[in-house]
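Per-entry structural report
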Amino acid sequence: CGVGLGQKLKKRKKITLVFTGEGGTSEGDFHEALNLASVWNLPVIFLIENNGYGLSTPAYEQYHCETLARRAESYGMESKVVDGNHVLEVYETISSIAENIRKNPRPFLVEAITFRMRGHEEASGTWYIPQEYFEYWKKRDPLKNFEKALLEAQIISQKEIESFCRQIDEKIERAWQYAESLKFPAVTPEEEIQEVYPPFSMPITRSRGSSKKSMRMVDSLNQALHLAMEKDPYLVIMGQDIAEYGGVFKVTQGLMEKFGKERVRNTPICESAPAGATLGLGILGISSILEIQFADFVSCAFNQIINNLAKIHYRWGGFSRTVIRLPSGSGIGAGPFHSQSPEGWFIHVPGLKVVYPAFPQEAKGLLLRSLEDPAPVLFFEHKALYRSFREDVDQEYFTLPLGEAFVISEGEDITIITYGMGVHWALEARKKYPHISMEIVNLRTLLPWDKQKVEESVKKTGKAILLSEDTLTGGITAEIASHIQETCFEYLDGPVMRVASLDTPVPFASSLEKQYLPKERFEKKLLDLWSY
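Residues numbered from 1 in each chain as written. Predicted model: local features only at pLDDT ≥ 70, side-chain atom pairs only at ≥ 80, totals over all residues. Heavy atoms only, no water.

**Points about the overall build of the chain**
Scanning the chain from N- to C-terminus turns up 18 helices and 20 strands. Principal-axis analysis of the C-alpha atoms gives the chain an extent of 95 × 55 × 45 Å. Counting all 532 residues of the chain, 51% fall into the buried class. A fraction of 80% describes how many contacts in the chain between residues 6 or more apart in sequence connect residues 24 or more apart. Summing over all exposed atoms, the chain offers an accessible surface of approximately 26100 Å²; the carbon and sulfur share of this is 54%. Of note, the chain has its 60 positive side-chain charges centred 5 Å away from the centre of its 70 negative side-chain charges. (Helix = DSSP H or I, 4+ residues; strand = E, 2+ residues; numbered from the N terminus. Buried < 20%, exposed > 50% of the residue type's maximum accessible area, 1.4 Å probe, protein only. Contact = heavy atoms within 4.5 Å. Areas by Shrake-Rupley, 256 points an atom, 1.4 Å probe, with all protein chains shown as cover. Lys, Arg positive; Asp, Glu negative; His and termini not counted. Charge placed at Lys NZ, Arg CZ, Asp CG, Glu CD.)

If you want it as structure tokens, here you go:
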């Protein structure tokens, strides 16, 4: 869908042809893609290669409809069934559809009926398929039948066929011999790690500080989006209710009126297809922003984020140019499905960058930098910070580096390492306990996180406490605590302490939610560590 949308935005008379097997049509991604392509009238041909088996599972155990092409009706699409083993029928059908939708952009579903004579892969074999199927389909070999048709029409001779086959065999053999002659490259672990993210050397845009205005985070993010849309005429923003409505938190308010519905797009209530669309846009060099209405629902887009966006550069040198905005966090009485802090789900995934600002100024600078970065960025925004805090924000375009922590206040007794709402809890504790000299490190970026700045601070104070709103087990605090133990052990004057939310779902009742959050437990542990 993303490639088709990109071609449409650039007003090219091009279409996208995408392939799947009949087994893949049972996946939710397939249905989301058809629906999104139909709603947006994207020039995409979805071609199903129906060979009758999803690995070993026969078609009658996969779906219960006469043809898969019938599914197009549910999405307001046209469809056609073709003999997938008839070369000319497939060619003429696809050519005709392509010519038509170049003139009148819309999606089209084609089901090609075919068969595979080998296993899904060599290890599985074909023992589970009745032998008579092979006899039936052997007579329908597309290459043999096309060759026969060309001979009968006297378009080609047997001698020419034999010559072509020899040339192809020789070409394959030369390629094989060349590959065999090459030595496997020696690669160090450091070089491998360098390949995870695409190269990126764009300099930081420093703020001149010539004009400032008191702003909330919701306002600074909105301003950042306006500036980014003005700078990049192809930048697309998509998400649920983000156009006329301005998003449920109003971060995108006013963007559709200024930049139009082609670039500020409402999506159906789905997450996976839009996440995949951002990757397709990136392939065409178009940057995009996807707003997941509540960060909790990002789990519905896991496959696209984890297996596609995160790995696009490592697998084939591609660029995603995607920022996924994630309103996150609890403390607003929204219950277990609209209050989670899922940043910990993603810090384990190579290829992603995870950003979590705590203040309006840094939110603006980090978002604009995220949009410049060719790697996929998950940008977490704490819902309770949208309107609860103001500060002076530079009004021009500026960026802040990803992967660099910021020391908010220097101290001598204890290092507090935190991010997001945790930064504000740490600042409250510093004010409440002025006799403790606290050094507060605001991580800003959770992946990759700033190891150097954390190490320098811990070696200076000798004590470290890590604070996060995420649940305790398996979170970012565990990773950083482990690193501190390995690299700063000889400098420590006390145990590395971690404080996070309870290992429970987020409660709905305000009293239980308060107990769930780590703020009070953090202050107790802070005092315990200080007196250690």
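After presenting the structure, the write-up continues.
**Remarks on the environment of K261**
Its place among the elements puts K261 in the loop between helix 9 (255–259) and strand 9 (264–266). For K261, a relative accessible area of 42% puts it in the partly exposed group. Taking the C-alpha atoms as reference, K261 lies 20 Å from R321; in sequence the two are 60 residues apart. Residues within four places of K261 in sequence aside, it is in contact with A243, E244, M256 and N266.

**Some remarks on the pattern of salt bridges**
Tallied over the entire structure, the rule returns 21 salt bridges. Between R265 and E262 there is a salt bridge, with its nearest N and O atoms 3.3 Å apart. Between E362 and R444 there is a salt bridge whose closest N-O contact spans 2.8 Å. Of the two residues, E362 sits in helix 13 (residues 360–372) while R444 sits in the loop between strand 17 (438–442) and strand 18 (445–447), which places them 82 residues apart along the sequence. For the pair E362 and R444, one class covers both residues: buried. Among the ionic contacts, a cluster of salt bridges with common partners joins K231, R369 and E372. (Salt bridge = Lys/Arg side-chain N within 4 Å of Asp/Glu carboxyl O.)

**Regarding the nonpolar core**
Core analysis: the biggest nonpolar cluster contains 68 residues, and I305, F346, L352, I417, I480 and I484 have the highest contact counts within it. For I480, the contacting residues outside a window of four places in its chain are I417, L443, W449, V454 and L466. In this structure, I416, I436, I465 and L529 belong to the second largest nonpolar core, which totals 60 residues. (Core = buried A, V, L, I, M, F, W, Y, C linked by side-chain atoms within 4.5 Å.)

**Here we look at the layout of surface pockets**
Estimates place the volume of the largest pocket at around 690 Å³. Broken down by secondary-structure element, the contributors of at least two residues to the lining of the largest pocket are helix 1 (2–9), strand 1 (16–21), helix 2 (28–39), strand 2 (44–50), helix 10 (272–283) and helix 11 (302–309). Looking at which element gives the most residues to the lining of the largest pocket, the answer is helix 10, with 6 residues. Tallied by class, residues from the lining of the largest pocket come to 12 nonpolar, 10 polar and 2 charged. Mapping the lining of the largest pocket onto the domain boundaries places at least three of its residues in each of domain 1 (1–140) and domain 3 (213–394). Forming the boundary of the second largest pocket are 15 residues, of which I193, Q194, V196, Y197 and G351 lie nearest the centre. (1 Å grid on protein atoms, 1.4 Å probe; cavity = no way out; pocket = protein on both sides within 12 Å on 5 of 7 lines; lining within 4 Å. Points joined across faces, edges and corners; volume = space filled by probe spheres on them. Nonpolar A, V, L, I, M, F, W, Y, C, P; charged D, E, K, R; others polar. Domains from an automatic or database assignment.)

**Side note on the side chain of Q223**
With respect to the helices and strands, the residue Q223 is situated in helix 8 (residues 217–231). Of the polar contacts made by the side chain of Q223, one reaches the side chain of Q395; its length is 2.7 Å. Look past the residues within four positions of Q223 in its chain and what remains in contact with it is M215, K364, V393, D394 and Q395. (Polar contact = N/O pair within 3.5 Å; in protein donor to acceptor, adjacent residues only side chain to side chain.)

**Description of the sheet that holds strand 1**
Taking strand neighbours across the sheet as the criterion, the 4 strands line up as 1-2-6-5 in an open arrangement whose pairing is parallel. On the outer flanks of this sheet lie strand 1 and strand 5 (78–83), each paired with one strand and no other. Adjacent strand axes in the sheet meet at a mean angle of 20 degrees when their direction is disregarded. For strand 1 and strand 2, the ladder comprises 6 bridges, and the chain directions are parallel. Its bridge partner lying in strand 2, F19 is registered against L47. (Pairing = 2+ DSSP bridges. Axes fitted to C-alpha atoms, helices over the stretch in contact; angles between N-to-C directions.)

**Some points on helix 18 (residues 519–530)**
Given a rise of 1.5 Å per residue, 12 residues ought to cover 16 Å, and the 17 Å separating the end C-alpha atoms of helix 18 matches this to within 8%. Listed in full, the buried residues belonging to helix 18 are F522, E523, L526 and L529. Projected onto a plane normal to the axis of helix 18, the buried residues spread over an arc of 130 degrees and lie on a single side. Away from its buried face by more than 90 degrees, helix 18 exposes E520 and K524. Contacts from the buried residues of helix 18 go to strand 16 (414–418), helix 14 (421–432), strand 17, strand 19 (464–471) and strand 20 (497–501). (Expected span 1.5 Å × (residues − 1). Arc of directions from axis to C-beta.)

**Comments concerning the packing of helix 15 (residues 451–461) against helix 16 (residues 476–488)**
Orientation of helix 15 relative to helix 16, taken along the N-to-C sense of each, is 60 degrees, at an axis distance of 11 Å. Relative to helix 16, the element helix 15 lies oblique. Read as a crossing pair, helix 15 and helix 16 show a hand that is right-handed. In contact with K451, V454, E455, V458 and K459 of helix 15, helix 16 contributes I480, H483, I484, T487 and C488. Partitioned by chemical class, the residues of the contact of helix 15 with helix 16 number 5 nonpolar, 2 polar and 3 charged. (Parallel < 35°, antiparallel > 145°, perpendicular 65-115°, else oblique. Left-handed = near helix turned anticlockwise from the far one by under 90°.)

**So, helix 15**
Of the positions making up helix 15, those classed as buried are V454, E455, S457, V458 and T461. Buried residues of helix 15 fall within an arc of 165 degrees about the axis and therefore sit on the same side. Buried residues along helix 15 sit against strand 16, strand 17, strand 19 and helix 16. Of the residues that open helix 15, the one with a side-chain oxygen 3.4 Å from the backbone nitrogen of Q452 is D450. Just downstream of helix 15 lies G462, where phi reads positive at about 80 degrees.

**A look at the packing of aromatic side chains**
Tallied over the entire structure, the rule returns 15 aromatic pairs. Here Y356 and F380 contribute two aromatic rings whose centre-to-centre distance is 5.7 Å and whose plane-to-plane angle is 15 degrees, an arrangement assigned as stacked. Separated by 24 residues along the polypeptide, Y356 in the loop between strand 12 (353–355) and helix 13 and F380 in strand 13 (residues 377–382) bring together distant segments of the chain. A relative accessible area of 0% places F380 in the buried class. By way of ring pairs, the aromatic residues F115, Y133, F134, Y136 and W137 are connected into one cluster. In this structure, K10 is placed above the aromatic ring of Y234, and the distance from its NZ or CZ to the ring centre is 5.1 Å. (Phe/Tyr/Trp six-rings, centres within 6.5 Å; stacked < 30°, edge-to-face > 60°. Lys NZ or Arg CZ within 6 Å of the ring centre and 35° of its normal.)

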